[in-house]
Amino acid sequence: MNDVAALVAEGYIRFKGEYPQEGRRHWKVRAVNQLWNLQGRQAISNHAQALRDPPSAPWASDPDLFDLDDRNTGDSIVGLKGVIVRTDYANDVAWERFVSAVKETEAEGIREMSEKMQEDDGGNEGDEEGSTEDEDEDNEDEERDAKMDVSEAGQEGTTTQPDPAPPKGSAFHIVELPPDQRHITENASNLRLLRLFNDVDIVEAPKKPPPEGVYYVGPQAKETTISPDNKLVEKFGLKEVYPGRVVWVYDARSNDDMCARLIRNGVDDGYGSYTGDSWRTKASHIWELQVHLDAGALKIGFMGDKGWDANERRRNFEDAGVIAAI
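Procedures and definitions
Counting starts from 1 at the beginning of each chain's written sequence and moves along it residue by residue. Local features are withheld for residues below a pLDDT of 70 in this predicted model, meaning they are given only at 70 or higher, and side-chain atom pairs are given and counted only at 80 or more; totals for whole chains, interfaces and linings count all residues. To get the side-chain values, all heavy atoms of the structure are used, and hydrogens and water are removed first. Elements are defined by DSSP. Helices are runs of H or I of four residues or more, strands are runs of E of two residues or more, and each kind is numbered from the N terminus. Remark: exposure states derive from per-residue accessible area (1.4 Å probe, protein chains only) relative to the maximum for the residue type, with buried under 20%, exposed over 50%, and partly exposed in between. Reported accessibility uses the Shrake-Rupley method at a 1.4 Å probe radius. Residues are deemed covered only where the shown protein chains occlude them. Pairing between strands is defined by DSSP: at least two bridges between the two strands are required. Only the stretch in contact is used when a helix axis is fitted, and all axes are lines through C-alpha atoms; the angle between N-to-C directions ranges over 0 to 180 degrees. The contact definition used throughout considers only heavy atoms, calling two residues in contact when any of these lie within 4.5 Å. Of all possible arcs, the one meant is that of the directions from the helix axis to the C-beta atoms. Polar contact is the term for a pair of N or O atoms within 3.5 Å; when the atoms are in protein, one must be able to donate a hydrogen and the other to accept it, and sequence-neighboring residues count only if both atoms are side-chain atoms. By nonpolar core is meant a set of buried Ala, Val, Leu, Ile, Met, Phe, Trp, Tyr and Cys residues that side-chain atoms within 4.5 Å join together. Here, expected helix span is obtained from the residue count minus one, scaled by 1.5 Å.

Draft legend 1. Layout of the overall build of the chain. Secondary structure assignment for the chain yields 9 helices and 9 strands. Every one of the 326 residues in the chain was classed for burial, and the buried ones make up 42%. Total accessible area computed for the chain in this model is approximately 18,600 Å², and 48% of it derives from carbon and sulfur atoms.

Structure below.
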């Protein structure tokens, strides 16, 4: 077990005892925040060496309030369903229109997939039927002999596997909380939403490429070097990330533009990328993007002057050290 994992495991056990009313994700965030308060990699190593046999992944069997179950929800085209979470409750009509647009696009995509599979099957059958009459005649005797051999051996005829059916289940969990719980997600920052649906992790930050790396700091696209000591981009050569589900956010702007925020979970190889940045996309594009992102066939760049929002990033910074109540 490496030093970071050892410290997080030790902190997790302690905070689980101190805050039993919380859940797995909160306890892990508390443990990770404790690590960031240390004074560098050497301090992390020193504290880890002082521990006595910390357990490995003590959170493995612990539940969390926002664990979402992908089982028994129908066959899905994705391995891990995405989350569409409502964070603005001012306009029910707009929300329903947005959800309908997503579902209609998904149904159309699955229908097209089904038709494509049927066309492929039909093409294969056509190829077989296109064989010459001479070949058919030559094979008749062989097939007759084969059937006789099976019958004489007392065996049943061969069977064929059914063609795979196209997926029917949704690629999403659509999260709309009841009125008494809406404070949990209402107007929530990207980082808070990542913490609700995905488990925190600490990874090595991408290395700074030569020459000195740059990133954009505002609408004017000014270039500057990456500022160290920020755990959402780099601190001690490490980075805080939230691997897991793709999180889509319906916010106040969505009532008008019918778009959702796609949140960056931080797991990437781009130097200077910030965990919690987001990118807006139309409801009609969400299903296709979800499918490709889940399959690893698509990566969306969040760098540049249009790849993130300064106010959202500022809110993430403000929430980074806060353990929000549920």
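Draft legend 2. Examining the environment of Tyr274 more closely. Position of Tyr274 among the secondary structure elements: in the loop between strand S8 (259-263) and strand S9 (278-282). Residue classification places Tyr274 among the buried residues on the basis of a relative accessible area of 4%.

Draft legend 3. Focus on the sheet that holds strand S7 (residues 247-250). A sheet is described by the order of its strands in space; here 5 strands give the open sequence S2-S1-S7-S8-S9, paired in mixed fashion. A single partner strand is all that each edge strand has here, and the edge strands are strand S2 (172-175) and S9. Averaged over all pairs of adjacent strands, the angle between their axes in this sheet comes to 25 degrees, without regard to strand direction. With 2 bridges joining them, S7 and S8 adopt antiparallel strand pairing. Paired with Val249 across the two strands is Arg261, which belongs to S8. Packing against the sheet, helix H8 (residues 283-295) makes contact with strand S1 (82-86), S2, S7, S8 and S9, and its axis sits at approximately 120 degrees to S9.

Draft legend 4. Broad picture of helix H9 (residues 310-319). What H9 keeps buried is the set Glu312, Arg313 and Asn316. All buried residues of H9 lie within an arc of 100 degrees about the axis, which places them on one face of the element. Exposed positions of H9 whose direction lies more than 90 degrees from the buried face are Asn311 and Glu318. Regarding H9, its N-cap is Asp309, as a side-chain oxygen of that residue lies 3.0 Å from the backbone nitrogen of Asn311 further along.

Draft legend 5. Here's a closer look at the nonpolar core. In terms of nonpolar packing, the biggest core is built from 41 residues, with Leu35, Val85 and Phe197 touching the most fellow members. Listed by contribution, the elements that provide at least two residues to this core are helix H1 (3-18), helix H2 (24-36), helix H3 (41-49), S1, helix H6 (190-197) and S7. Counting 22 residues, the second-largest nonpolar core is a separate cluster that includes Ala94, Met258, Ala283 and Leu293.

Draft legend 6. Seen up close, H1. The terminal C-alpha atoms of H1, which comprises 16 residues, lie 23 Å apart, in line with the 22 Å expected from a rise of 1.5 Å per residue. For H1, every residue scored as buried is listed here: Val4, Ala6, Leu7, Val8, Ala9, Gly11, Tyr12 and Phe15. Turning to H1, the residues buried within the fold contact H2, H3, strand S3 (201-204) and strand S6 (238-241). Looking at where H1 begins, the residue whose side-chain oxygen comes 3.2 Å from the main-chain nitrogen of Val4 is Asn2.

Draft legend 7. Geometry of the pairing of S1. The buried fraction of S1 is high, at 5 of 5 residues. With burial as the criterion, each face of S1 is covered, one bearing Gly82, Ile84 and Arg86 and the other bearing Val83 and Val85. In this sheet, S2 lies alongside S1 in parallel orientation, the contact comprising 4 bridges. Paired with Val83 across the strands is His173, a residue of S2. Summarising the sheet, S1 and S7 pair through 4 bridges and their orientation is parallel. Bridging across to S7, Val85 finds its partner in Val249.

Draft legend 8. Unusual backbone geometry, seen in detail. One non-glycine residue with positive phi stands out, namely Ala57, at about 45 degrees. With respect to the helices and strands, Ala57 occurs in the loop between H3 and S1. On the basis of relative accessible area, Ala57 is assigned to the partly exposed category, the value being 32%. Positive phi, normally seen in glycine, also occurs at Asn187, with a value near 55 degrees. When you line up the elements, Asn187 lands in the loop between S2 and H6. Overall, Asn187 belongs to the exposed group, its relative accessible area being 55%.

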